[in-house]
Amino acid sequence: MRKAILAVLFLVSATVGAWAQKLVVTGKVTDSTGAAVAGASIREKGTKNGVSADIAGIFSLSVTPGATLQISASGFSTKEVKATEKLTVSLKTEVSNLSEVVVTALGIQRQKKDLGYAATKVSNAEMTRANAVNVANGLQGKVSGLNVASINNGVFEDVKINLRGIRSLTGNNNPMLVVDGMPISLGYLSSINPNDIQDVNVLKGTSAASIYGPDARNGVLVVTTKKGVADKPVITLSSSAQFQKVSFFPEFQTKFGSGGYNDYTPYENWSWGPAFDGSEVELGHQLPDGSVQKVPYSPTNAREEFFNTGTVLQNDISFAAKDFYLSVQDAVIRGIVPDDKNRRTGVRLNATKEYAKFKAKFNVNYIQQNYNVFDDAAMADYNAANNVGLNQGLMNLIFNTPAQVPITSYKDFINNPFAEFNGYFNDYGLNPYFAIDNWRRKGTTSDLIASIDLGYKVAPWMDVTFRSGLTQTNTIESRTSKGETPTSFGVSRGFSLIPGTVSERSYNSRRLSTELFASFNKTVGDFKLNAVLGTYVRDSKARDSRVGASNLVVPELFNVNNRTGELTGASTGANSRIGSVYGSASVNYKGWANLEFTGRGDRTSVLGIDNNTYFYPGVSGSVVLNEAIDFIDNMQNVSLLKIRAAWNKTGNADIDPYLLAGTYSQASGFPYGGLAGFTANNTSYDPNLKPEFINSIEVGMELGLFRNRVGVEVSYFNQKNDNQIIPISVSSATSFTNAFVNAASFTNKGVEMDLRLTPLFKFNKGMVDLKINAMYNDNEITKIYDGLDELAIGGYASASNYAIKGYPAYVIKATDYKRDDQGRVIVNANTGYPVVDPNTKIFGRTLPTWILGINPSVTWHGVTLSALAEYKGGHYAYNDIGNAMAWTGVSAATGNNNREKFVFPNSSIETSPGKFVPNTNVTITNVNDFYTGVFRSVYSNFITSAAAWRLREVVLSYDLPSKWLGHGKVVKGLSVALTGRNLLLFVPKTNQFSDPDFNFTTGNTAGISNSTINPPVRTMGGNITVRF
Amino acid sequence: MKRIIYAFCTAAVLLGAGACSKDFYDINENPNAPTEQSISADLIFPRALHATAARMVTSYGDYGGWVGYWTRSGTYGPSTEPESYNITNGFKAEEWSGWYDILTDYNTMEKKAAATGQTFYEGIAKIMKVVGFMYLVDQYNNVPYSKAFDLSGNILPAYDKGSDIYADLLKQVDAGRTLIAGATMDANTNIAKADIMFAGDQVKWRKLANTIHLKLLLRLSQVSTFNPAPEIAKIKTDGSGFIAAGQSANVQPGYAIDNGKQNPFWNSWKKLYTGSEANQYWRANNYVLGKFRTNNDIRYQYFFSAAATPLNGNTYYGYNYGEVIPNTDPKAANSSDVSGPGLARTATQAQWFLTSVESLFLQAEAIQRGWLTGDAQTAYANAVTESFVWLGVTNATATATAYLAQSLPIVNWGAAVTPADKINLIIMQKYLALVGVNNFEAFTDYRRLGVPTDLPLSLAPSRGSNKVPVRLLYPQAEYNYNAVNAKAEGDISAQTSKVFWNK
C-alpha cells in the first residue's frame, strides 16, 4: 500500500511542478570541432527532468530558472552549464574505455570495463560513411578478429563472415545475428538498411553463447536499430549515387589470335593461332547468304569493354521522434554484367511506449528485393548436357574470346547476322550477349522481421521481459530459358537446340521465437549483484517447392502449362525446434572487479530423444587494475589498465533436421507412369549423433594511456573443438560416399590487437586519428576419424580444400608436376614434356593467418577525410579461370617466350631408374600442346598467394556549418560526402587472375574461384544528407 | 498486420505451453523421403534394373575406342589420357562408385526380401549382384566384397581377391537361381509390375541366370587350373537352358520422349529429348568399319548412321583412334554416329540388358570348348545369323547365310583349322556382332583372348610404347578414404597388373 501512495504523490508533484514558472532552453551540443553530438543527454541537475539531443545535436528543455544542466554523451566527458535561453555546449572528447557502453546478450547494456571477454562497438557513422549497401561490407576492416570476405562482385554483394576463424570443419561458421534483441538468420544482414542501424556490437568469443544459445558460438553481431530520441521530430533525407568499374582483369596475352598450332582458324575459341600482324582476316564461317565478317588481325580491348559501369543508387528518408522511428529505403543496384539488376526497398517502424513500470516495444521491418540476373547455372547445365567443356560461367565466354574479336559489336544478336546464334564466329561458345538474354533468373524476396518486447519492472531490483519475434522470408523465383532452334546452317556447325524452359520456385521460411527472462540488480555494500534467468523457445519451418517444364512449346511463354513432357519438381519441408533455459550471475566489487558465471541447457529436435539435451557452463572475470591498485592509479599517464579472462564450454547440434536416418529417392527418370523406383541416397546417418562441444578460453588486456589518447586492447583466444558432427567421406564399397558421424577435433587460436590513437595529433582546429586492428589466427586439426586422416571440404578434384590431421584448416591440395628427389621437374628425355604427379600435394592454407585494418582519419572544421586499408595474408587461392584461359591460350602465361620452344626451368631427366641429371637442352616439343595439356592438368600452376592489400574506403565528408543553414530553423543539418570503396587492390605478381577473396561459395570452402565469378570492381560516388 | 499478430499469438501460446513437453521436440521424422525402414524390395528393384542396363550401354565409350569400335570425331581435340593409354586414378573413377551404388540397392533389396520371405526378389538380387561384381572384378581385379555394404562394421572395407570373388559369384548365381525356382508369385508382392525385364517370369529369369553363369565360366577359360565341369552340371540340373534366339533380356520401365525418360542408349548416343543430336564425340572407327566394308558385311549400316552432311560422297565416314585430326577434316556432322538404325530405333524402345546375340556366341564358344554338347559350327552360324536378325537387317537370314557362305577367313568356319583358330573365329564374329551393343564384352574378350588379333594401337603421339590398358586404376577416393586397403594392393599398373583371369 505504501508504494501505491508514493506513486500517487509522485504524479501529483509532477503535475504541480508543471504550473511553476519555467525557462525554455534551446541549444546545440557539439564536439570540440563544432560537429553535432547526436543523442547527447541534457538533464536538469538534481531532477529527473531531461531530454536527448536530436541527430543535429539540437535540444529543447523546460527548466526551473537558474538550474544547472548536466550534458553528457557517450565518448565525451560530462559538462555542467548554467541554464540560459540559448546555449551552445561544446563537449570534450573523452574517448575513454571506462565509460564505453556495449550491448551484450539480451540487449543488456554493460560497461565495457566490466566484461570478461572482447566486444567491439561500431557506430552508424563508422559503418555507413562509405555508403556500403550491405551492413557486412560496412564492417569490413573495422573490427579485429572479424573476417568479412566479399566472395563475388554482383548485385547481391555476397559476403562470408567469420569471427576468430572457424569452429566447425564442415558446418556452420557464421556468427549469430541479433537485431534488437531478437536472434535472426545471418542472411538478413544483406536486407537490413545500414542507415537504420544505431550501432553494431561485435561479441567476438563464444562467451555470449551461454545466454544466446548455440548459434552464438561463432560470435555475435548485436545490431541495434535507431529509435527516436528527441521530442521534436527530425526528418532525414539522404541520397547517394555510386559507380562501379572493374578494377582488375586477369592478365591476357595480346600477341596471338585465334587458331591452333600457329594456324589461323576463323571459328576457333583457341587463341593458339599465328602472331597478330594487323592484316585483314575472316572471322567465323561464311554465312548461308555468302557474307563473311572481316576484322583486322590485331588485339582489341573488347573483353574489358564488355562490362558496364555498375551503379548503386540509394535514397533514404527517415522520420524520428521520441520513441518513434520510421524509415524507407530504396536501393537500386545495376551490375557490371549487362542487364543484372537488384532493387531493394525496405520500410522500418520502431515504436516504444513506456507507462510507469510497463514498457512496450514493437519493431517491424519489411524488405523486398526484386532481382533479375543472368542465370549462370542454367547455362552451365545446358553446356554440360551438350558435352561442351569449359563453359561453366559467363567469364569463360568473355575472357576466352580471341583478342581480335570485337565482342562488344555483337550486342544486337537479333539483327546482326554475325551476332546471331547461328552466325556467331565461335564454333565452341555462345555469344555472351545472347547467353545473358537467354538464361535469366528473376525473383522477389520479401523479408519480414518483427518483434514485440514487453517489459515490466517488478521491483527496483527486478525486471521481467517478454520478447517474441518473427522472421519470415518468401522467395518467388523463376528461372527461364528462351530457347533457340538452330537453323540447318547452325546444325551443320554442330550447334544443338537450346530448349525453352521455365522453373518456378517458391520458398517460404518462418521462424518464431519467444523468450522470457528476468534480470536482477542489487547493490549490497561494495558489491553489485547482477543476475539473469530466462527461457527461450524457437520453432523454425521452411518449405521449398519447385515446379518446372523442360520443353516449352509457345516461345517465350514462361508457364509450366506451356510444355511437352512431364512437369518436373519437388517440394521439401523442414521443421526444427530448440528450447533453452539459461542463467547468469555476476558480482562486481567496487566497480573494479567483476566475476560472472553462466550456464545454459538446450533441448533440440534435430538429435535423437536420448541425446537431445545438453548443458554448458562458463565463467569470466575482469579486474581494472588502475582502480584496484593505488600504485598503478598513481602512475601518471595510465588511465586504464584492465585484465580479463573467460572460460566457457559451448554445445551445439547445428545440423539440419532429419539427419538421423538415410533416405531413398526416385532417380533416373522414375517414376515412369505408374512405376516407382527408388535408390538409396549416398549419405549414411548415425541415429545416435551427439552434440559437439567447444572449449574456449580467452584472456585479454586493455590499456589506456595519456588520458586515453592511446588505447590498446589485446586478446588471446584458444578454442578446442571436439566431437564435431561432420560428414566424412567413405569408400563407396561401404554403400555410401559420406557418413555423418561425431568425429573430428581441432584447435583454433589467435591474438587480436587494437590500437587507437585519438588523436594521433592535433593541429589548428583539427585532429588526426589513427586506429589499427589486427588478428593473427591459426588452427590445427588433431583428429579426423579412426583410420582417416583427411577430409575433403570442397573445390575441384585436383585442387581442393582439405582438413588434414596435423595441418591447419584448411589446406589446399592440388596436383603438381612429377618431381625428382631434389624437387626438379622430371621431363621426358625425348619430348621435353613434364608429367602430372597424380598424388596431390599440399600447397598451403586457404584461410588468412593475418588480417590487418588501418584506419586514419583527419578532421578539420566540418571536413573529415578518412581512409581504411585492409591486409589479409598467409593464405593461398586456386583460380580456375587461369586453367580455362590456358586451354584457350588467352592467359598471359601462354604468351611467355613468344611461344618459342623452351627448356622446362629447373628440370631433370631420368637416365636410369632413380637416376636424374639436370635437363639443359631438351626443349618442350610443342608449346601449344604443353599449355593445353600437362600445364593445365597441373593445378598448382593456378594456385597463388591470396595475400592482398586493399584500400577499402576513402571518404571525404563535409558538414555544412549551421550558420549557413539559417541556424537550423528549417534545415537542421546538411552534409555531403565523396566516397570510394575498394579503390585499390594490391596482390602479388603471381596472382594474374582475380581478387583472392573471391570464392564460389559462402560455405566453408575457401580460396576456390571459377568462371561464374565476376571480376572485382572499385566503387566511387557521393552522397548528400539533409536533416529537417 | 493481422498475420503478424496471429503469428505472435501462436508463438506465445504454442511455444510457451508446448516447450516443456517431450513430444514438442519429437518432430524429426523425415517428411520428405522414405528411409530404409519404410522402403521395400519392389520399390528399389525397377530403378536398380534400369540403372544396371543403362550403365552397361552408356558408360563404356572409352572401351569402344580401345577395341576399335568407336573413336573421337573431328569436332573434338585429342583426349590424351585414354588415347595415350596412360590412364590415371581419375580415369573412369565413376565405375567404382557407380557400380557400388547400384550394388547397394541390390544388397538392400536382398536383405529386405530375405526378411519378408520374398524369395523371388531375393534370388534376383543375388543374380544382379553377381553381374555387378563381375563388372567390378573385370575392371579392378581385387575389390571389397565380403566386407562391403557394412559401414558400421567395416568403414574401411578390406579387398577380396578377384579369384575368390569369382568363386563366390558362381555359388551366388546358383543360389539365386534356386531361390527363384522355388518362389511363389503370391509371396513376392508386385513382382509382375516391378520386374521390368520379365514381368515375373521365373523361367526367363532362370535362363538369364544360366546365361550369366556360362558367361562367368567363359571368363575363366584361360585360368590354367580351372575345371568348368561341376558348374556346367549345375546349369544342366536347372534345365531351363539359356537365352535363345529372339529372347533377349530387355528392360522397359516405360521409356518416353521426355527429359531423363528416354531409352538410355538413344538418349546418350542418338538424340536428346529436345531432338538435338546427343553426341558429337563418338564416331565410327575406321578399323571396324573396314572389317565390315571389305568383307561384304552390310551390318555397318545398322551399327552406324549415315553422315548427316556427307562430304565428297562419304556417306559412312570414320576416323582412326588417337589420330590428330586436322581442322580441315570432316567434323561430327560429316561422319557416322555410333547409334545406327539397328541399335537406336526409337527413343522409347526397350533397353537390352543381355542380348540373344551375345548368349548365342557364349554358347558357341562353350560348345567349341567342349563344355556344352552340340555342333560348334551350327552354333556359330546361328549366332552370326542372330546378329543380322537382331539388328533388323533386310532379309536378315538370307543376308547372313550369304555372308557366312563366303570363303573369307574372317567368316569362314572351314578356314579356321585348329581349335584355337575356331575360338578366334567365334570371338571375332562375336566382336563384329557387339559393336556399341556391348563394348565392355569386346574389351574383356580382347584382354582374355587377344581378339581381334590385328587391332591397331592408338595413333596418339604421346602413346609411346603403351598398349591397350589391361585394367582400371583404383580411384583416388579409395586412396583417400580407404587408404590402408587401397595401398595394401601395392603399385598398380594399367599396363601390366592384369585381372586374374587374363593370362
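The rules behind these values
- Residues numbered from 1 in each chain as written.
- Chains lettered and ligands numbered in written order.
- Predicted model: local features only at pLDDT ≥ 70, side-chain atom pairs only at ≥ 80, totals over all residues.
- Helix = DSSP H or I, 4+ residues; strand = E, 2+ residues; numbered from the N terminus.
- Rg over C-alpha atoms; globule rule 2.2 N^0.38 Å.
- Buried ≥ 20, exposed ≤ 12 C-beta atoms within 10 Å, placed from the backbone.
- Contact = placed C-beta atoms within 7 Å.
- Nonpolar A, V, L, I, M, F, W, Y, C, P; charged D, E, K, R; others polar.
- Pairing = 2+ DSSP bridges.
- Axes fitted to C-alpha atoms, helices over the stretch in contact; angles between N-to-C directions.
- pLDDT = per-residue confidence, 0-100.

1. Considering the overall build of chain B
Logical step 1: For chain B, the count of helices and strands is 20 helices and four strands.
Logical step 2: Computed over its C-alpha atoms, the radius of gyration of chain B comes to 25 Å, within 12% of the 23 Å expected for a compact globule of 503 residues.
Logical step 3: Over its C-alpha atoms, taken along the principal directions, chain B stretches across nearly 90 × 60 × 50 Å.
Logical step 4: The buried share among the 503 residues of chain B stands at 54%.

2. Considering the interface of chain B and chain A
Logical step 1: Between chain B and chain A, the residue contacts involve 76 residues of the former and 70 residues of the latter.
Logical step 2: Elements represented by at least two residues in the side of chain B that touches chain A include exactly α1 (2-18), α2 (41-58), α5 (93-115) and α19 (476-481) of chain B.
Logical step 3: The greatest single-element share of the side of chain B that touches chain A, amounting to eight residues, is contributed by α5 of chain B.
Logical step 4: Class assignment for the residues of the side of chain B that touches chain A results in 37 nonpolar, 27 polar and twelve charged.

3. What about the sheet that holds strand β14 (residues 182-184) of chain A?
The strands making up a sheet are joined through hydrogen bonds of the backbone, oriented either antiparallel or parallel.
Residue and element names in this part refer to chain A.
Logical step 1: The five strands lie next to each other as β10-β15-β16-β13-β14, forming an open sheet whose pairing is mixed. The open sheet terminates on both sides in strands that have one partner only, identified here as β10 (119-123) and β14. In this sheet, adjacent strand axes meet at a mean angle of 25 degrees when their direction is disregarded.
Logical step 2: Here β10 runs beside strand β15 (residues 197-203); their pairing, made up of five bridges, is antiparallel.

4. Structural notes on the sheet that holds strand β46 (residues 825-826) of chain A
Residue and element names in this part refer to chain A.
Logical step 1: With mixed pairing, three strands are arranged side by side in an open sheet as β46-β51-β52. The strands lining the two open edges of the sheet, one partner per strand, are β46 and β52 (915-918).
Logical step 2: Note: β46 against strand β51 (residues 907-912), two bridges, orientation parallel. Directly across from Val 825, in β51, lies its bridge partner Ser 907.

5. Notes on the confidence of the model for chain A
Residue and element names in this part refer to chain A.
Logical step 1: Per-residue confidence for chain A gives a mean pLDDT of 88; residues scoring 70 or more make up 95%.
Logical step 2: Per-element confidence in chain A ranges from a low mean pLDDT of 37 for helix α1 (residues 2-19) to a high of 97 for strand β35 (residues 678-680).
Logical step 3: For the stretch residues 1-20, pLDDT sits under 50, and the model shows one contact to residues farther than four places along the chain or on other chains.

6. Thoughts on the confidence of the model for chain B
Residue and element names in this part refer to chain B.
Logical step 1: Confidence in the prediction of chain B, expressed as mean pLDDT, is 94, and 96% of residues score 70 or more.
Logical step 2: In this model, residues 7-15 is a region of pLDDT below 50 whose contacts with residues beyond four sequence positions or in other chains number 15 contacts.
Logical step 3: In the predicted complex, the global pTM is 0.85; the interface-specific ipTM is 0.93.

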